[in-house]
Amino acid sequence: MGITFNNILILLLALGVTAYGLNASRADDDVASFPPVDHKLTHDECSACHMVYPAGLLPARSWSRMMRELDNHFGDDASLAPQQAAEIKRYLVDNAADGRMANTRMRRIAAGIQPNDAPLRFTETAYFHYVHDEVPNSMWKRSKIASKANCIACHTRAETGSFSEKEIRIPKE
Amino acid sequence: MKPLAPALALLLVPVMTQAATHEQILVAYQAQAGSGFSPSANRGETFFRAKHHKANGEIATCMDCHTENLKATGQTKAHKTIQPMAPSVNAERITDPAKVEKWFRRNCKDVLDRACTAEEKADFIAFLLSIR
């Protein structure tokens, strides 16, 4: 074939398309993947006990179930006045992984959950396992991580809804 | 005198829906406990430090999360810092009756497997207020 003008043009075009693609995926990683919880009551009540998890981590049916079972919330009583619970549930459902506002990442989370399943833990979803498949068991057991629910142990900006790879700092112990 | 206690508690309902002083909240629980009851910081401290054998086999104490020192920060099971409980170092504590009642409701169930009595709540608040 030899080096012709056409071959070089095709090569340059291919390189350009690849570079654009790489750039696009990096840009996707840079944006906050989940909108932070901007509903004050939800933020204040959830953050009293644990980091604020973005509503986009679970589908609406999971949030409905969670708010129905608040008096036994992972073994603890997290009950609220009915009116407050209803207001928080509305926010969580409206911003859920399968809601109208859901972005591509959230839709992938929702798509990985069986229609008849309403998990209460994001860490039990197929998507969580998929994005953490390179994390060995021994790492989860480090004392500064302690629990898979402790996102901020490694994802330094998790509470802002950002889980970008470059913000990950894994504790050594 | 007995019928007076519920009437007194009703009078205090407006207090329960807005910001209040530490003493107002203590007095409201004292009124619920009935006439003749006098809150005791000593009893409150014993209550705070007691170990409880729960139905699920666990032993629970208030100190599991709040630590032995109520002037220091504590930590929830989910790794969240709990601001100090003693109003002498955290003036915001025991100023919102609804918040106080919410946490008594949750924590008494989690630690004691039952609701706390008005007497226990009054004693515990008296203990908190005695910490200087």
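Refer to the preceding data block for the structure.
Residues numbered from 1 in each chain as written. Chains lettered and ligands numbered in written order. Predicted model: local features only at pLDDT ≥ 70, side-chain atom pairs only at ≥ 80, totals over all residues.

A. Spatial organisation of helix α3 (residues 60-68) of chain A. All names here are of chain A. Along α3, the residues that are buried comprise Ala 60, Ser 62, Trp 63 and Met 66. Angularly, the buried residues of α3 cover 160 degrees about the axis, an arc narrow enough to put them on a single face. Buried residues along α3 sit in contact with α4 (82-94). (Buried ≥ 20, exposed ≤ 12 C-beta atoms within 10 Å, placed from the backbone. Helix = DSSP H or I, 4+ residues; strand = E, 2+ residues; numbered from the N terminus. Arc of directions from axis to C-beta. Contact = placed C-beta atoms within 7 Å.)

B. Region of interest: the interface of chain B and chain A. Tallying the contact residues gives eight residues for chain B and nine residues for chain A. A per-class count over the side of chain B that touches chain A returns one nonpolar, two polar and five charged. (Nonpolar A, V, L, I, M, F, W, Y, C, P; charged D, E, K, R; others polar.)

C. The packing of α3(A) against α4(A), seen in detail. All names here are of chain A. Relative to each other, α3 and α4 sit at 165 degrees, their axes nearing to 9 Å. As judged from the angle between their axes, α3 and α4 are roughly antiparallel. The crossing of α3 and α4 is right-handed. Across the interface between the two elements, Ala 60, Trp 63, Ser 64 and Met 67 of α3 pack against Ala 85, Ile 88, Lys 89, Leu 92 and Val 93 of α4. (Axes fitted to C-alpha atoms, helices over the stretch in contact; angles between N-to-C directions. Parallel < 35°, antiparallel > 145°, perpendicular 65-115°, else oblique. Left-handed = near helix turned anticlockwise from the far one by under 90°.)

In short, geometric facts, not functional conclusions.
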